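Commentary on secondary and tertiary structure
Below, each chain spelled out in residue letters.
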Amino acid sequence: MLSESSWAGALSMALAAIVLTASLVFLSSGAAAQERQVPGSLGEVQLSYAPVVKRVAPAVVNVYSKRVVQEQARSPFANDPFFQQFFGNRFSFGMPRERVQQSLGSGVIVDPSGLIVTNHHVIKGGQQFTVALSDRREFDAQLVLADERTDLAVLKIEAGAGKLPHLTFKNSDSIEVGDLVLAIGNPFGVGQTVTSGIVSALARTHVGVSDYQFFIQTDAAINPGNSGGALVTMDGGLVGINSAIYSQSGGSIGIGFAIPSNMVESVVASARDGGHVKRPWFGAQLQAVDNDLAQSLGLDRPGGGIVRDVHPGGPADKAGLRVGDVIRSIDGFDVEDPQAVRYRLATKGLGGEARIGYLRDGRTGEARVALIAPPEEPAAEETEIDGRNPFAGATVANLSPAVADRLGLDAMASRGVVVTNVGFGSPAGRMQLQRGDIIVEVAGTKIATVRDLVRVTATPRAQWDFSIKRGDRTFQATVGG
């Protein structure tokens, strides 16, 4: 049994050991402590997004689109199966009546003069547009530019002498997966809403909501009504326009897509220059390089785009690119598929040149492709077909690189006749002719120009045989005269 003095000695030794151990732990972690950053303000301690939101939210607006549609009155028995078995769907009666349809989306002010960018699908078919600011002021808006191929549109409002709040574009190539972002918009019409998340992925190219598929993916909650809203970084820079979500329920499940700011900025620049988007013409048709194709070509990995066809005298041809070349980069940026190639060229704008990195027979090379607008050669000669024939009511044009680009076609043919519009209720419409169809042959005559089609359809026939190319498929059909 220890004496009082022995207990005191043991206690002193134990305390000394604890102090020594604590000192050793402190010394061993001293280097890490010196490198560790500590919050420098109350805002940093609270980790609040409020300072960023206060700066950027006033530039995000609500966009209301209105259009007048005509519809006929419907019988109250229209959905009754008993009556449908006798009358089918013939339940409309009376004179058509007008009804106003409204759609709601978001937009972003990108210029203090009143330029607002939103999604094309927000304003599609609209006849009147209203913009509501975060301070509840409302303005009538004018449509300056509508570009369905990028799913972007630009509106203009006149707010008087005062400057409007606006966001500044930030280079979308500067962001990385994992960066914090905020999505701002008006989901479900509940009012301006801010959600936070990270950049989940970059260069998503198989989303299918525009011709130029190259999206920023984010897990910041995006819902219907957010379309056209802002995706911003923590320094308040605009890096994207929220455009689409992947959802099985209609609500957010953490997979949203935004159009990169570099593409948005190019469209806004076109709006400033007169309202017509002009993109560079590459003059070559590409195919994605999958794993099987990469192995057959002896490549180290899949990715890029292999040149399938080259337009004679086009930019790719003049730059020395050949069929079989595999494009791997543009201006130093890797490209994983043809969609990425199209995006990189589209955001370059006209003028100057692009550096194309490619592989040919296992060797790397670089070509410099001029960034020029697609030429309209031959002249379009756009014409509406009339008379007693199945093409009556269709507007057609001579196919050229410029017309193909306008219609979003990937056709390489320098000759041909393409449908640019189909009149509602016309013989061409009833035949289900579509915009972008290429008329190959009619009544045994090859159709190379609009004049060929006009001449062939001028003579009535008891029967019409024709061939139509739609995408990669060619259809033959016969209809009565």
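All residue numbers here refer to positions counted from 1 along the written sequence of the relevant chain. With the structure being a predicted model, the display of local features is reserved for residues of pLDDT at least 70 and the display and counting of side-chain atom pairs for 80 or more, all residues being used for whole-chain, interface and lining totals. Hydrogens are left out, water is left out, and the side-chain values use all remaining heavy atoms of the structure.

1. Thoughts on the pattern of salt bridges
Here a salt bridge means any side-chain nitrogen of Lys or Arg lying within 4 Å of a carboxyl oxygen belonging to Asp or Glu. If you walk through the whole model with that rule in mind, you get 20 salt bridges. A salt bridge links arginine 360 to aspartate 325, with the nearest nitrogen and oxygen atoms 2.7 Å apart. Linking arginine 360 in strand S17 (residues 353-360) with aspartate 325 in the loop between helix H9 (315-318) and strand S15 (326-330), this pair joins segments that are 35 residues apart in sequence. Residue classification places arginine 360 among the buried residues on the basis of a relative accessible area of 19%. Of the residues examined, aspartate 325 reaches a relative accessible area of 1% and is grouped as buried. For glutamate 382, the salt bridge goes to arginine 406, with nearest N and O atoms at 3.9 Å. One end of the pair, glutamate 382, is in the loop between strand S18 (363-370) and strand S19 (383-384); the other, arginine 406, is in helix H11 (residues 401-407), with 24 residues separating them in the sequence. Residue arginine 406 is classed as partly exposed on the basis of its relative accessible area of 39%. The network of salt bridges with common partners includes Asp331, Lys348, Glu353, Arg355, Glu366 and Arg368. Working definition: helices are DSSP H or I runs of at least four residues, strands are E runs of at least two. Numbering for both runs from the N terminus. Using a 1.4 Å probe on the protein chains alone, a residue whose accessible area is under 20% of its type maximum counts as buried, one over 50% counts as exposed, and one in between counts as partly exposed.

2. A few points about a nonpolar patch on the surface
A grouping of Tyr49, Leu180 and Ile198 is seen on the molecular surface, where their side chains present a nonpolar patch of about 230 Å² in accessible area. The residue tyrosine 49 is located in the loop between helix H3 (42-46) and helix H4 (50-56) in this model. You can call tyrosine 49 partly exposed: its relative accessible area is 31%. Note that patches include only residues with greater than 30% relative accessible area and no salt bridge, and the join distances are 9 Å for like charges and 5 Å for nonpolar side chains (Val, Leu, Ile, Met, Phe, Trp, Tyr). All accessible-area figures derive from a Shrake-Rupley calculation using a 1.4 Å probe, and residue coverage is judged against the displayed protein chains alone.

3. Overview of the side chain of serine 227
In this fold, serine 227 is placed in the loop between strand S9 (215-218) and strand S10 (230-233). Using a relative accessible area of 15% as the deciding quantity, one classes serine 227 as buried. Side-chain atoms alone can form a polar contact between residues adjacent in sequence; in general such a contact is a pair of N or O atoms within 3.5 Å, and within protein one must be able to donate a hydrogen while the other accepts it. Side-chain polar atoms of serine 227 contact the side chain of histidine 121, separated by 3.0 Å. In what follows, residue pairs with any heavy atoms lying within 4.5 Å of each other are defined as contacts. Excluding residues that lie within four positions of it along the chain, serine 227 makes contacts with Gly105, Ser106, Thr118, Asn119, His121, Val122, Asn242 and Ser243.

4. Some points on the environment of phenylalanine 333
Its place among the elements puts phenylalanine 333 in strand S16 (residues 333-334). C-alpha separation for the pair phenylalanine 333 and aspartate 173, spaced 160 residues apart in sequence, amounts to 9.4 Å. With residues up to four places along the chain from it excluded, the contact list for phenylalanine 333 reads Asp173, Arg328 and Arg344.

5. Quick word on the nonpolar core
Formed by 52 residues in total, the largest nonpolar core has its most connected members in Leu238 and Phe282. Setting aside its immediate chain neighbours within four residues, leucine 238 contacts Val108, Val110, Leu167, Thr168, Phe169, Lys170, Ala230, Leu231, Val232 and Ser261. Val396, Val442, Val450 and Leu453 belong to the second largest nonpolar core, which has 17 residues in total. What makes a nonpolar core is a set of buried Ala, Val, Leu, Ile, Met, Phe, Trp, Tyr and Cys residues whose side-chain atoms join them at distances within 4.5 Å.

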